[in-house]
Amino acid sequence: MSGGRRVNILTRTPTETAAELSAALASASAPVARVLTRALDGQEVSEAEAVTLFETRGADKLAVYAVADTLRQRANGDRVTFVVNRNINFTNVCYMGCRFCGFAKRAEDKDAEWLDPDQIVARAQEAWDRGGTEVCIQGGLHPKMPGSYYRDILLAIKSALPDMHIHAFSPFEIWYGAAKTGLSYADFLRDLRDCGLGSMPGTAAEILDTEVRQKLTKNKLSAEKWVEIIRAAHGVGIPTTATIMYGHVDAPRHWAAHIALLRDIQKDTGGFTELVPLSFVHTESPLYTQNPGAVRPGPTTDEVDLMHAVSRIMLHGHIDNIQVSWTKLGAERARQMLTRGVNDLGGTLMNESISRAAGSTHGQEITASELAGLIRSVGRVPVRRNTVYDTIEVYDDHDPAEIAPLVPRRAGEPLDFLKMFPAVEP
Ligand SMILES: C[S@@+](CC[C@H](N)C(=O)[O-])C[C@H]1O[C@@H](n2cnc3c(N)ncnc32)[C@H](O)[C@@H]1O
Ligand SMILES: Nc1c(NC[C@H](O)[C@H](O)[C@H](O)CO)[nH]c(=O)[nH]c1=O
Ligand SMILES: N[C@@H](Cc1ccc(O)cc1)C(=O)O
Ligand code: SF4
């Protein structure tokens, strides 16, 4: 680091933070400083301006981070949230053939999996017994599965665990279930809501651009259908997350258009709880292994930082929760994202398989106490939330040594989160 005094993010005062922001803006080029100053004044960043922000490097990039962090502080203060949950992937059998997906198997494959309702309830019960408030349920689109299976899963869990929040079924699964039952999206979703569906993952969004989807998924679920199903869910009172999967055959103009589209939907419905940028995991993804020259090996370091920061800036005042996915990035990079506009660390997950099937090595689970340590290490306040961002527990007054792990770690090395996080480097 050259020149200037380095301010430790753990100890700096609001005045020092404001001085850092001014210095960062003063070092930026005039066009970038203009966009960022307008964003700080509450004006909307256009798609073209967002492309400029995604392409920043050097001092301009640092100014983007400083503004993202300022807007994060305005929206969320010092609190960083997470949820204690369990992923249940009830089947990995899927014939949709999305080329990026390492998770899908054929029914006759030896590692094909199918969970019946009793097995799903048993997993949900274990999660509840370990302090979980949410189950996150997604699966492949199994060719033999009846459309009624989605409601059967909900009814089975709710009859055993009426207070468990069920966050389940991507728009792709809703599309499949509606087609199989012959119901409209709204009618199918209303039925699922009445059976206990609390909220939906906004996965299957990937990149909401027809040309890119053609390459990723042969456009089986079009961008228009994804939007229609999300709007229908919000319309019947089911909140959803929003996602973007980036770093493969895409470019900044696609990211800007995707996030602007999410912003437009949110202005109408208010139904998105958060945006979760999902970096493309390439190592065992057929999209990459079969076309290594034509497909990027996931986003670069700068692109990951900028994705979180520019999302924060574009969505400010509309979607105020930006979640980092620790399973895609690992704990250390997830922690760094807390200085790039991120205020949420997602779930403890207990059983992560989708990222691991694509080659991710960041494990199946992270404990609540590890997340709390990670949050404290950047000087913020850990808060356990429920799925829709109500506070369950503020960890502020706990001694780190006293936090009982809500979910005991099962496998893998213990993570050294309490190691001091250095001041942010350019
Ligand atoms: C595997 S699917 C499961 C639910 C459902 N079958 C669907 O496609 O919506 C859930 C999401 O995982 C993400 N995903 C799958 N493979 C990935 C990869 N290689 N890298 C990053 N994210 C991936 C995609 O965003 C996808 O929409
Ligand atoms: N980000 C990933 C998740 N997130 C699920 C969330 O933890 C949770 O359901 C959400 O925060 C609800 O508000 N799950 C994965 O399996 N992989 C991810 O990358
Ligand atoms: N984080 C997503 C769910 C998700 C699940 C699996 C993934 O691979 C990615 C994302 C959500 O809660 O909406
Ligand atoms: S992403 Fe979902 S729909 Fe596509 S192949 Fe994988 S499991 Fe099937």
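Keep in mind it's a predicted model, so treat the numbers as computed, not measured.

**Some thoughts on the overall build of the chain**
Inference 1: Helix and strand counts for the chain come out as 17 helices and 10 strands.
Inference 2: Taken over C-alpha atoms, the radius of gyration comes to 21 Å for the chain, in line with the 22 Å a tight globule of 426 residues would show.
Inference 3: Of all 426 residues assigned to the chain, the portion counted as buried reaches 57%.
Inference 4: Considering only contacts in the chain between residues 6 or more positions apart, those separated by 24 or more positions represent 77%.
Inference 5: A total accessible area of about 16,900 Å² is found for the chain, and carbon and sulfur atoms account for 51% of it.

**A short note on the site of ligand 2**
Inference 1: Residues in close proximity to ligand 2 total 19 residues, the closest being N87, E134, S325, G347 and R385.
Inference 2: At a separation of 3.2 Å, an oxygen atom of ligand 2 approaches a polar side-chain atom of N85.
Inference 3: Here an oxygen atom of ligand 2 sits 2.5 Å away from a polar atom, N or O, in the side chain of E134.
Inference 4: For ligand 2, whose unbound accessible area comes to 460 Å², protein coverage reaches 91%.
Inference 5: Elements represented by at least two residues in the shell around ligand 2 include exactly β2 (85-89), β3 (134-138), β7 (272-279), α14 (326-329) and β8 (344-347).
Inference 6: Ranked by residue count, the leading element in the shell around ligand 2 is β7, at 3 residues.
Inference 7: Residues of the shell around ligand 2, tallied by class, amount to 5 nonpolar, 9 polar and 5 charged.

**Topic: the site of ligand 4**
Inference 1: Lining the immediate environment of ligand 4, one finds C94, M96, G97, C98, F100, C101, F103, A104 and F172.
Inference 2: Residues belonging to the shell around ligand 4 are distributed by class as follows: 8 nonpolar, 1 polar and no charged.

**Things to note about the pattern of salt bridges**
Inference 1: According to the stated counting rule, one finds 21 salt bridges in the structure shown.
Inference 2: With a closest N to O distance of 2.8 Å, R151 and D191 form a salt bridge. Residue R151 is located in helix α6 (residues 149-160), and its partner D191 is located in helix α8 (residues 185-194); the two are separated by 40 residues in the primary sequence.
Inference 3: D191 sits in the partly exposed class, given a relative accessible area of 23%.
Inference 4: For R340, the salt bridge identified is with D305, shortest N-O distance 2.9 Å. In this pair, R340 sits in the loop between α15 (331-337) and β8 while D305 sits in helix α13 (residues 301-315), placing the two residues 35 residues apart along the sequence. The two residues R340 and D305 agree in class, both being buried.
Inference 5: Several salt bridges share partner residues, and in doing so they unite E44, R263, D264 and K267 into one network.

**What to know about the pairing of β3**
Inference 1: With respect to burial, β3 is a largely interior element, 5 of its 5 residues being buried.
Inference 2: Burial of the side chains of β3 extends over both faces: E134, C136 and Q138 are buried on one face and V135 and I137 on the other.
Inference 3: As defined by bridge partners, β2 adjoins β3 across 5 bridges and the pair is classed as parallel. Within β3, the residue paired with N85 across the bridge is E134.
Inference 4: With helix α5 (residues 117-129) bridging β2 and the parallel β3, this β-α-β connection has right-handed handedness.
Inference 5: Pairing analysis gives 4 bridges linking β3 to strand β4 (residues 165-168), with the strands arranged parallel. Residue I137 lies in a different strand from β4, and its bridge partner there is A168.

**Section: the pairing of β2**
Inference 1: Counted residue by residue, β2 has 5 buried out of 5 residues, so it is predominantly covered.
Inference 2: Because side chains alternate across β2, one face comprises the buried residues N85, N87 and N89, and the other comprises R86 and I88, equally buried.

What counts, and where the lines are drawn
- Residues numbered from 1 in each chain as written.
- Chains lettered and ligands numbered in written order.
- Predicted model: local features only at pLDDT ≥ 70, side-chain atom pairs only at ≥ 80, totals over all residues.
- Heavy atoms only, no water.
- Helix = DSSP H or I, 4+ residues; strand = E, 2+ residues; numbered from the N terminus.
- Rg over C-alpha atoms; globule rule 2.2 N^0.38 Å.
- Buried < 20%, exposed > 50% of the residue type's maximum accessible area, 1.4 Å probe, protein only.
- Contact = heavy atoms within 4.5 Å.
- Areas by Shrake-Rupley, 256 points an atom, 1.4 Å probe, with all protein chains shown as cover.
- Near = heavy atom within 4 Å.
- Polar contact = N/O pair within 3.5 Å; in protein donor to acceptor, adjacent residues only side chain to side chain.
- Nonpolar A, V, L, I, M, F, W, Y, C, P; charged D, E, K, R; others polar.
- Salt bridge = Lys/Arg side-chain N within 4 Å of Asp/Glu carboxyl O.
- Pairing = 2+ DSSP bridges.
- Right-handed = clockwise from strand over helix to strand, strands pointing away.

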